[in-house]
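Topology and contacts: notes
Residues per chain, in single letters:
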Amino acid sequence: MMKFIVNNVKNGCRHGYLQDFKRCSGVKDLVVETPMCLMYTRGGSVPHLTGDVLKKVDNIPKMTQLPLNLLAEHKGAIGMVAGGLGGFCSLDEGSVLYCPIHDTTTAVPSGYNGNIGVGIWGRGGKIMLDIDTFLQVQEALRVDFYQAMSDNDVDERSGKKRLKKSHDRTINFLDRTLERHQKSEKLKDTEIFGTVVGGFSEEDRIFSAKETAERPVAGFVLDGFHRYGPESENFDVQHHRDLIKVTTDNLPKDKPRIMHGLWSPDMVLSGVECGIDIFDSSYTYIVTERGSALVFDYDFQKYDKEKSLPAENGNSDTCTRPFEINLKEKKYFDDFSPLLEGCTCYTCRNHTKSYVSHLLNTTELLAGVLLQIHNFHQYFHFFSSLRESLREDKFDDLKALIQQQKR
């Protein structure tokens with residue numbers, strides 16, 4: 001089983017690393033430091049970027065997110081390729097592959113989960129997964145670890161009966177998956193992450209956490225706080241801090257926790273304080289899709305609490321979206337500065353706001369390419385800065401810097 005070593009914990013923030021990935025055992029000394037973000041993909045490729053263009057992005061995470069709903073209908077073709085999904089998508093052999101159930105950026109309709117299985121949505125429409133079908137897909141994909149099926153179809157209005165059904169079904173799915181998984185030769189190098197549900201009920205969250213922790217899983221996915229899709233960007237981690245914290249407090253300290261969602265920089269820091277170790281990078285895709293560039297400052301080493309940041313590094317444009325600027329706005333038509341002064345990404349070194357604005361307003365595909373490169377760069381370096389702040393015991397400085405830009 002993969003190992004998770006926690007170096008230190010302070011005020012709920014965990015700094016550690018993952019190692020001993022069975023499938024990647026041929027990659028010497030592969031270590032994944034946490035907190036970290038997954039590299040977001042849709043069907044095995046990064047939106048807007050080819051494999052060659054992706055190489056222009058530095059600091060790429062060692063862990064790749066490959067949503068099941070976009071891959072399940074292709075299990076036959078994937079299963080015929082040596083190496084499973086890694087070989088099918090020509091992914092680097094040093095990349096740790098993780099398969100969640102849903103694509104974070106796409107809303108999941110309600111009402112399609114039952115005692116037999118759950119509903120997912122691929123490009124061809126709805127797919128109903130029972131345990132056998134689910135494991136057949138996993139045997140074809142052969143990733144490093146995957147999220148166990150769950151009934152996470154609850155919200156703040158769900159009553160006790162519905163919440164009980166949710167966590168009972170989820171534990172039943174996990175038990176049946178573990179039984180089938182342990183008999184599979186194809187999955188001997190693959191781990192399972194149990195899914196913790198319970199809606200917005202502290203009692204049910206604690207029950208789900210404790211029951212899941214009793215099973216032989218490699219880690220945990222905190223699920224059921226939203227229905228995914230762009231609206232999940234509005235989920236306020238700080239508002240639900242106590243609920244998330246009591247959930248993680250009832251999970252083993254030596255196993256990692258994942259929580260899916262569209263994580264803005266301030267929400268990432270709140271998640272880290274709640275004990276979350278692994279996050280999505282799908283937020284960058286949503287920012288790119290609305291024609292925006294991330295322009296927040298994460299250099300806590302130079303942070304001066306007495307000094308105000310430039311407007312562009314604080315609230316953007318009309319102050320409705322902190323951390324980003326919308327390049328579709330007319331004011332960037334003749335702005336010949338880079339997307340962010342001092343940024344070393346390929347886009348900022350070679351192009352201007354004016355050029356990207358022109359591409360957006362003429363609906364050129366290159367606009368998404370250049371924005372995704374920049375937004376990935378910003379986000380990945382932000383996580384590097386986050387880990388550095390924990391190593392140097394300066395997390396509070398980074399948090400203050402990010403909060404200053406939110407106002």
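Just so it is clear, the structure is predicted and the values come from calculations on it, not from any experiment.

In the structure shown here, the tally under the stated rule is 18 aromatic pairs. Pairing Tyr98 with Phe193 gives two aromatic rings, centres 6.4 Å apart and planes at 50°, and the pair type is tilted. A residue pair is termed long-range when its members are at least 10 positions apart, and Tyr98 in strand 7 (residues 96-99) and Phe193 in strand 11 (residues 191-196) qualify at 95 residues. With centroids separated by 4.9 Å and ring planes inclined at 80°, the aromatic side chains of Tyr112 and Trp121 adopt a geometry described as edge-to-face.

This part covers helix 8 (residues 265-273). Counting buried residues along helix 8, 9 of its 9 residues qualify, which places the element largely inside the surrounding structure. Where the residues of helix 8 are buried, they touch strand 2 (13-19), helix 7 (241-249), strand 14 (278-279), helix 9 (282-289), helix 12 (366-391) and helix 13 (395-406).

Take the packing of helix 5 (residues 160-181) against helix 6 (residues 202-213) next. Between helix 5 and helix 6, whose axes approach to 10 Å, the crossing angle comes to 10°. Of the possible angle classes, the one that applies to helix 5 and helix 6 is roughly parallel. Across the interface between the two elements, Lys160, Leu163, Lys164, His167, Asp168, Ile171 and Leu174 of helix 5 pack against Glu203, Asp204, Phe207, Ser208, Glu211 and Thr212 of helix 6. Grouping the amino acids of the contact of helix 5 with helix 6 by side-chain chemistry returns 4 nonpolar, 3 polar and 6 charged.

The biggest cluster of nonpolar side chains holds 77 residues, and the ones touching the most others in it are Leu68, Leu141, Ile244, Val268, Phe382 and Leu386. In terms of residue count, helix 12 provides more of this core than any other element does, 9 residues in total. In contact with Ile244, other than residues within four places in its own chain, are Leu222, Phe225, Phe235, Val237, Met259, Cys274 and Ile276. With 18 residues, the next largest nonpolar core counts Leu18, Met63, Phe193 and Ile258 among its residues.

Time to look at the sheet that holds strand 1 (residues 3-10). The 3 strands lie next to each other as 1-2-3, forming an open sheet whose pairing is antiparallel. Looking at which strands have only one partner, the edges of the open sheet turn out to be strand 1 and strand 3 (32-34). Taking each pair of neighbouring strands and ignoring which way they run, the sheet shows an average axis angle of 15°. As paired strands, strand 2 and strand 3 are joined by 3 bridges and run antiparallel to one another. Counterpart to Leu18 in the pairing with strand 3 is Val32. Along the sheet, helix 12 contacts strand 1, strand 2 and strand 3; its crossing angle with strand 2, the most-contacted strand, is approximately 115°.

Moving on, we get to the packing of helix 8 against helix 12. Packing of helix 8 against helix 12 leaves a shortest axis separation of 12 Å and a crossing angle of 35°. Note that helix 8 runs across helix 12; the crossing there is right-handed. Contact residues: Pro265, Val268, Leu269 and Val272 in helix 8; Tyr379, Phe382, Phe383, Leu386 and Leu390 in helix 12. Considering only residue class, the contact of helix 8 with helix 12 consists of 9 nonpolar, no polar and no charged.

Let us look at the confidence of the model for the protein. Per-residue confidence for the protein averages 93 on the pLDDT scale, and 95% of its residues sit at or above 70. Scored below 50 in pLDDT, residues 314-319 shows 17 contacts in the model against residues more than four places distant or in partner chains.

About the criteria used
- Every chain is numbered independently, its residues counted from 1 as its sequence is written.
- Predicted model: local features are reported for residues with pLDDT of at least 70 only, side-chain atom pairs are reported and counted for 80 or more only, and whole-chain, interface and lining totals are derived from all residues.
- Remark: hydrogens and water are excluded; side-chain values derive from all non-hydrogen atoms of the structure.
- A pair of aromatic rings is counted whenever rings of Phe, Tyr or Trp (Trp by its six-membered ring) have centres within 6.5 Å, and the orientation is called stacked for planes under 30 degrees apart, edge-to-face for over 60 and tilted otherwise.
- Secondary structure elements are defined from DSSP: runs of H or I of at least 4 residues count as helices, runs of E of at least 2 residues count as strands, and each element is numbered from the N terminus.
- Relative accessibility decides the category of a residue: with a 1.4 Å probe and only protein chains considered, values under 20% of the type maximum give buried, values over 50% give exposed, and everything between is partly exposed.
- What makes two residues a contact is simply this: any of their non-hydrogen atoms within 4.5 Å.
- Each axis is a line fitted through C-alpha atoms, taken for helices only over the stretch in contact, and angles between the N-to-C directions span 0 to 180 degrees.
- Convention used here: angles under 35 degrees read as roughly parallel, angles over 145 as roughly antiparallel, angles from 65 to 115 as roughly perpendicular, and any remaining angle as oblique.
- Residues were grouped as follows: Ala, Val, Leu, Ile, Met, Phe, Trp, Tyr, Cys and Pro as nonpolar; Asp, Glu, Lys and Arg as charged; and all remaining residues, including Gly, as polar.
- Put simply, buried Ala, Val, Leu, Ile, Met, Phe, Trp, Tyr and Cys residues joined by side-chain atoms within 4.5 Å make one nonpolar core.
- Should DSSP find at least two bridges between two strands, the strands are taken to pair.
- Here is the rule for handedness: rotate from the far helix to the near one, and if that takes an anticlockwise turn smaller than a right angle the crossing is left-handed, while a clockwise turn gives right-handed.
- Known as pLDDT, the predictor's per-residue confidence is scaled from 0 to 100.

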